[in-house]
Amino acid sequence: MKPHSTIATIITCHNRKQKTLASLAALFNQVLPADVLLVVYLVDDASTDGTPEAVRETYPQVKLLGGDGNLFWNGGMRQGFAEAMKQDYDYYLWLNDDTVLEPEALNSMLATSRSLAQQGHTRAIAVGSTRDAVTGALTYGGWLRTSWWHPLHFRLLEPIAEPQQCSTMNGNCVLMPRSVAEVVGNLDPAFIHSMGDIDYGLRSVQQNCTVWVVPGYVGTCSTNPPEGNCWEDPNMSLLDRFKKVLQPKGYGPKESKVLVQRHTNILWPIYWLLPYVRLILTSIRRGPVGYRG
């Protein structure tokens, strides 16, 4: 049967073999109409734990691409997305390698996208919400702007029984039609790891696309615990927090400047500096403990 819809899935990974394989297993276990063709592009960023070998053996149909170990999320997804867009698929699915989809997840996202198109939203991004595998708490999905004074203040939207329009999204599970990719293009190389997905959602809205949270949860994806791993952890010393913030997975001033300058207003220097000022103040409030080490 000739496929009615083709979906290119873009995933990037680095040294998380078991998580990557579990995510792929759930992806290939999707309950889809017979006329839907799923193609997978996996960018392996120089894993040393046997991930590419395991993928080749278990899922030889996956189009495996390689990195030099310095791609991180945004770079890896950008490389895979660029390769996939050469083929003009009907849809593009971004999927984190630690996201485990429910069997009906992609079918639900596809149905939402088609329904929105019938309502006139032909450039609609469908965002899947994920929850913690243990607690069931909402972890990633669509973000809604909530502040009248700060353009980049958002809150995660809890999924309901109907699609909800939002302001931007996490890139953990995102389905977009070709019409969006043709207008917005690829992820911006100005970002290394994070912020690229938030920027993409905001740029999409600026270019007359829309972003929607699909009904219900699409799967599980747990957040990483902040303690000792994140620059936002107030229990770390000020020096350690600044070291973390400057790492590729932190909140680098150069990257955040691009995001804030692009998506706020004339007051962008204030919005840009606020997180770093807050970092200093919260560490000072911790007193001597905050400065340990």
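How each quantity is defined
Residues numbered from 1 in each chain as written. Predicted model: local features only at pLDDT ≥ 70, side-chain atom pairs only at ≥ 80, totals over all residues. Heavy atoms only, no water. Helix = DSSP H or I, 4+ residues; strand = E, 2+ residues; numbered from the N terminus. Buried < 20%, exposed > 50% of the residue type's maximum accessible area, 1.4 Å probe, protein only. Contact = heavy atoms within 4.5 Å. Areas by Shrake-Rupley, 256 points an atom, 1.4 Å probe, with all protein chains shown as cover. Axes fitted to C-alpha atoms, helices over the stretch in contact; angles between N-to-C directions. Parallel < 35°, antiparallel > 145°, perpendicular 65-115°, else oblique. Left-handed = near helix turned anticlockwise from the far one by under 90°. Nonpolar A, V, L, I, M, F, W, Y, C, P; charged D, E, K, R; others polar. pLDDT = per-residue confidence, 0-100. Salt bridge = Lys/Arg side-chain N within 4 Å of Asp/Glu carboxyl O. Pairing = 2+ DSSP bridges. Patch = residues over 30% accessible without salt bridge, like charges linked within 9 Å, V, L, I, M, F, W, Y side chains within 5 Å.

> I'd love a proper account of the overall build of the protein chain, names of residues and values included.
The helix and strand tally for the protein chain stands at 9 helices and 13 strands. When burial is assessed residue by residue, the protein chain has 49% of its 293 residues classed as buried. For the protein chain, restricting intrachain contacts to residue pairs at least 6 apart in sequence, the fraction spanning at least 24 positions comes to 72%. Summed over all atoms, the accessible surface of the protein chain reaches about 13,800 Å², with 55% contributed by carbon and sulfur.

> I'd like a description of the packing of helix α1 (residues 17-28) against helix α2 (residues 51-58), backed by residues and values.
Relative to each other, α1 and α2 sit at 25°, their axes nearing to 9 Å. As the angle between them shows, α1 and α2 are arranged roughly parallel. In the packing of α1 onto α2, the handedness of the crossing is right-handed. In this structure, α1 contributes Lys17, Thr20, Leu21 and Leu24 to the contact, and α2 contributes Thr51, Ala54 and Val55. The residue inventory of the contact of α1 with α2, partitioned by class, reads 4 nonpolar, 2 polar and 1 charged.

> So what's going on with the confidence of the model for the protein chain? Residues and values would help.
Scored by pLDDT, the protein chain has a mean of 91; 89% of the residues are at 70 or more. The low-confidence segment residues 287-293, where pLDDT is below 50, has 11 contacts with residues more than four positions distant or belonging to other chains.

> Talk me through the pattern of salt bridges; I want residue IDs and the actual numbers.
Applying the stated criterion to the full structure yields 8 salt bridges. For arginine 178, the salt bridge is made with glutamate 182, and the minimal N-O distance between the two is 3.6 Å. Of the two residues, arginine 178 and glutamate 182 both sit in helix α5 (residues 178-184), 4 residues apart, roughly one turn of that helix. Linked through salt bridges whose partners overlap, the residues forming this network are Asp188, Asp199, Arg203 and Arg262.

> For the pairing of strand β6 (residues 124-131), give the residues involved together with the corresponding values.
In terms of residue burial, β6 counts as a mostly covered element, since 7 of its 8 residues are buried. Bridge analysis of β6 against strand β13 (residues 210-220) gives 7 bridges, and the strand direction is parallel. Across the sheet, serine 129 pairs through a bridge with tyrosine 217, a residue of β13. Bridge analysis of β6 against strand β12 (residues 173-177) gives 2 bridges, and the strand direction is antiparallel. Bridging from a neighbouring strand, valine 127 pairs with valine 174 of β12.

> Would you mind going over a nonpolar patch on the surface in detail, with residue names and values included?
There is a patch of nonpolar side chains on the surface, built from Leu273, Val277, Ile280, Leu281 and Ile284 and spanning about 390 Å² of accessible area. As for its placement among the helices and strands, isoleucine 284 is situated in helix α9 (residues 268-285).

> Lay out the environment of glycine 136 with the relevant residues and their values.
One can find glycine 136 in the loop between β6 and β7 (138-140). Using a relative accessible area of 35% as the deciding quantity, one classes glycine 136 as partly exposed. Distance in space between the C-alpha atoms of glycine 136 and cysteine 221 is 9.9 Å, their sequence separation being 85 residues. Filtering out sequence-adjacent residues up to four positions away, glycine 136 remains in contact with Arg131 and Tyr217.

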